[in-house]
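Letter by letter, the chains look like this.
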Amino acid sequence: QVQLVQSGGGLVQPGGSLRLSCAASGTIFTFNVMGWYRQAPGKGRELVATISKNGDTNYADSVKGRFTISRGSAKNAVYLQMNSLQPEDTAVYYCSAKWQREPSEFWGQGTQVTVSS
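Cut-offs used in this document
Residues numbered from 1 in each chain as written. Predicted model: local features only at pLDDT ≥ 70, side-chain atom pairs only at ≥ 80, totals over all residues. Heavy atoms only, no water. Pairing = 2+ DSSP bridges. Helix = DSSP H or I, 4+ residues; strand = E, 2+ residues; numbered from the N terminus. Axes fitted to C-alpha atoms, helices over the stretch in contact; angles between N-to-C directions. Buried < 20%, exposed > 50% of the residue type's maximum accessible area, 1.4 Å probe, protein only. Contact = heavy atoms within 4.5 Å.

Peer 1: Would you mind showing me how to read the sheet that holds strand β1 (residues 3–7) here?
Peer 2: Across a sheet, paired strands are connected by hydrogen bonds in the backbone, their directions being either parallel or antiparallel. Spatial ordering of the open sheet is given by β1-β3-β8-β7, a layout of four strands whose pairing is antiparallel. Every other strand in the sheet has two partners, leaving β1 and β7 (67–71) as the edge strands with one partner each. Here the strands of the sheet are splayed against their neighbours by 15° on average, with no regard to which way each runs. Pairing of β7 with strand β8 (residues 77–82), which is carried by five bridges, proceeds in the antiparallel orientation. From the neighbouring strand, R71 faces β8, where its bridge partner is V78.

Here you go:
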């Protein structure tokens, strides 16, 4: 039984920082890609950042230079360090993990990030 459990998130003022964590359990295999997505009110779910098992990263243009994605060295875990947060970053953030099996994609439960004065 594969599960992704998220932690982090919360309320932060503009310019502040938050760190999101996501840990997978229930498998001995390594996910090919792990990443973070977000969904703002009235918007569809959008990609924030991804990282492969080899460490290759991709970022949405809107977060480049502010967010950093990383993986745990020995476990199926992924992190998102968010700096210089702005109100436009307010959304529910979801962790994802993908591999060459069925089901091929898993999702965390989501966590609210609110950036407001």
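Next comes the rest of the description.
Peer 1: I would appreciate a short explanation of the environment of A40 in the present structure.
Peer 2: With respect to the element layout, A40 can be found in the loop between β4 (33–39) and β5 (46–52). A relative accessible area of 22% means that A40 is categorised as partly exposed. Taking the C-alpha atoms as reference points, A40 and E88, 48 residues apart in sequence, are found 8.4 Å from one another. Non-local contacts of A40, meaning those with residues more than four positions away in its chain, are made with T90 and A91.

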